[in-house]
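Chain and residue survey
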Amino acid sequence: MIHISNARAISGETRELVIPSAQNLELDAAGLTVFPGLIDPHVHFRTPGLEHKEDWRTAARAAIYGGYTTVFDMPNTLPPTITAERLREKKALIDSQLLEAGVPLRYQLFFGADKQHLDQIPAVKDAVVGIKVFMGCSTGNLVIDDDESLHAVFEVAAQNQLLVAVHAEDEARMHERNQQFQGSKNYHDHSAIRDVEVATRAVEKAISLTRQYGTRLYLLHLSTREELALVKQAKNAGLPVYAETTPHHLFLNEDCYPALQGRAVVNPPLRRAEQNSALFEAIQSGLIDTVGSDHAPHTTVEKAKPYGECPSGMPGIETTLPLLLTAYHQGQLTLEQIQRLTSSRAQEIFKLSQTEDVVLVDLNKKAEVSPQQLQTKCAWSAFAGKVLQGWPVYTILRGTCFHLI
Ligand code: DOR
Ligand code: ZN
């Protein structure tokens, strides 16, 4: 067993923990604060087919280094996860990569909604955490942009008691805006093309489908005050609607384009600076349920391509907790809120059973985000060079203690 003494709970009192394990370990955690193992409801670990960007050997280490012991992976792989057979193949690949890495990461998979394969949903309902719907195009070619298919997905999900996780960007408006900015080589135009209206239209539609079918709705990566106003109405009306935001929408904004260039390109895009505070307010008011890293690695070569060719997405799983803890030191968040955002709400929403996984954090440790020290295969971060305060030191997953040095 692992015996941890002198750990500090987020409430402040000193705690002693005993975790079943094949290892016999005495850990004096004086100076460290204990959190439940973090749950990341939104990652793109790229297996199968996109393993030049990331695979589960590197990503599982990145997760552990970020304090995460559970992740939910998205289906926009190559090929996408849209049939029962591909789901089985994907699981087998992941399991063998995790075995190789020696990291028994807990994971669940989202199933991709695809017009031609909605009939697969009943067959996979017990093997997935939910259905992922891209209402607008993003990385990969999964998209459901016609009303008939959208209705069908929400209906079949409700019939099978499955949650729908939505990438809410309206394809039709995005298409129009794209025409207006055609040929742009300016990364910053990304935020103008995929504007606030693109997001709100889709959120509005998704909520109306939930109202109609009763489908549980998890709104991924919300980034604006306007979307949150819609979420507020829906929650007040008692609809089963849950809201996620991301570290990049909390801590980055459009002012970052000059420094980050293509590395700032992400879907939904970075917003104006005032939206950062709107998201923090929505955390304070309890409107936002979770922070998902939306860890979406691409290579530095891909991200250096001109606008139009540069793929959207950035890595995030290793920096999410240190960013949130830095915000704690700055008085923007409490430790209780961080725990809610990074584990307890996800556990409730996705009905996960309790684990004994924990992460021990040195709240005072200050370190600069350094690409050389990251575990992710893509080896870059939009937060490189930033000094963050509060880093995981030990992650204990299924009774295995990982010392993060
Ligand atoms: O920026 C993004 N990257 N948004 C997405 O919706 C997908 C993700 C990816 O897979 O690269
Ligand atoms: Zn994503």
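A quick note: this is a predicted structure, and the numbers were derived from the prediction, not measured.

Taken together, 13 residues are adjacent to ligand 1, and Arg 46, Asn 76, Ser 138, Thr 139 and Asn 267 come closest. In the model, an oxygen atom of ligand 1 is placed 2.8 Å from a nitrogen or oxygen of the Arg 46 side chain. With respect to ligand 1, the side chain of Asn 76 contributes an N or O atom lying 2.8 Å from an oxygen atom. Computed on the free molecule, ligand 1 has an accessible area of 290 Å², of which 100% lies beneath the protein chains in the complex.

Take the sheet that holds strand E6 (residues 68-73) next. Ordered by their spatial adjacency, eight strands build an open sheet running E5-E6-E7-E8-E9-E10-E11-E12, and the pairing between neighbours is parallel. Two strands bound the open sheet, and with one partner strand each, they are strand E5 (38-43) and strand E12 (290-291). By the bridge criterion, three bridges tie strand E9 (residues 164-167) to strand E10 (residues 217-219) in an arrangement that is parallel. Pairing of Ala 165 across the sheet is with Tyr 218, part of E10. Together, E5, E6, E10, strand E11 (241-245) and E12 form the strand contacts of helix H14 (residues 335-349), whose direction differs from that of E5 by roughly 75 degrees.

Glancing now at the pattern of salt bridges. Applying the stated rule across the entire model yields 18 salt bridges. Note that Glu 302 is salt-bridged to Lys 53, the shortest N-O span being 3.0 Å. Placement of Glu 302 in helix H12 (residues 300-303) and of Lys 53 in the loop between E5 and helix H1 (56-65) is noted, with a sequence separation of 249 residues between them. By the burial criterion, Glu 302 is buried, and Lys 53 matches it. A salt bridge links Asp 55 to Lys 377, with the nearest nitrogen and oxygen atoms 2.8 Å apart. Taken together, the positions of Asp 55 in the loop between E5 and H1 and Lys 377 in the loop between strand E13 (358-368) and strand E14 (387-397) put the pair 322 residues apart, joining distant regions of the chain. On the accessibility criterion, Lys 377 (34% relative accessible area) is partly exposed. A network of salt bridges, in which partner residues are shared, links Asp 55, Arg 57, Glu 100 and Lys 377.

Take the packing of aromatic side chains next. This model, assessed by the stated rule, comprises eight aromatic pairs. Between Phe 251 and Phe 280, the ring centres sit 5.7 Å apart and the planes meet at 75 degrees, which makes this aromatic pair edge-to-face. On the criterion of sequence distance, the pair formed by Phe 251 in helix H9 (residues 247-251) and Phe 280 in helix H11 (residues 273-284) is long-range, its members being 29 residues apart. Of the residues examined, Phe 251 reaches a relative accessible area of 22% and is grouped as partly exposed. A connected cluster of aromatic rings, assembled from ring pairs, spans Phe 72, Phe 110, Tyr 218 and Phe 350.

Our next topic: the packing of H1 against helix H2 (residues 84-101). Their axes nearest at 8 Å, the elements H1 and H2 cross at an angle of 65 degrees. By crossing handedness, the relation of H1 to H2 is classed as right-handed. Judged by residue contacts, Trp 56, Arg 57 and Ala 60 of H1 engage Ile 94, Gln 97, Leu 98, Glu 100 and Ala 101 from H2. Here the residues of the contact of H1 with H2 sort into five nonpolar, one polar and two charged.

This part takes up the pairing of strand E7 (residues 106-112). Counted residue by residue, E7 has five buried out of seven residues, so it is predominantly covered. By the bridge criterion, four bridges tie E6 to E7 in an arrangement that is parallel. Paired with Thr 70 across the bridge in E7 is Arg 106. Looking at chain direction, E7 and strand E8 (residues 130-134) are connected through three bridges and run parallel. Bridging across to E8, Phe 110 finds its partner in Gly 130.

Quick look at the environment of Leu 341 now. If you trace the backbone, Leu 341 turns up in helix H14. Of the residues examined, Leu 341 reaches a relative accessible area of 3% and is grouped as buried. Between the C-alpha atom of Leu 341 and that of Glu 244, which follows or precedes it by 97 residues, the distance is 8.7 Å. With near-sequence residues (within four places) excluded, Leu 341 lies in contact with Ile 283, Ile 288, Asp 289, Thr 290 and Val 291.

Rules of the game
Residues numbered from 1 in each chain as written. Chains lettered and ligands numbered in written order. Predicted model: local features only at pLDDT ≥ 70, side-chain atom pairs only at ≥ 80, totals over all residues. Heavy atoms only, no water. Near = heavy atom within 4 Å. Polar contact = N/O pair within 3.5 Å; in protein donor to acceptor, adjacent residues only side chain to side chain. Areas by Shrake-Rupley, 256 points an atom, 1.4 Å probe, with all protein chains shown as cover. Pairing = 2+ DSSP bridges. Helix = DSSP H or I, 4+ residues; strand = E, 2+ residues; numbered from the N terminus. Contact = heavy atoms within 4.5 Å. Axes fitted to C-alpha atoms, helices over the stretch in contact; angles between N-to-C directions. Salt bridge = Lys/Arg side-chain N within 4 Å of Asp/Glu carboxyl O. Buried < 20%, exposed > 50% of the residue type's maximum accessible area, 1.4 Å probe, protein only. Phe/Tyr/Trp six-rings, centres within 6.5 Å; stacked < 30°, edge-to-face > 60°. Left-handed = near helix turned anticlockwise from the far one by under 90°. Nonpolar A, V, L, I, M, F, W, Y, C, P; charged D, E, K, R; others polar.

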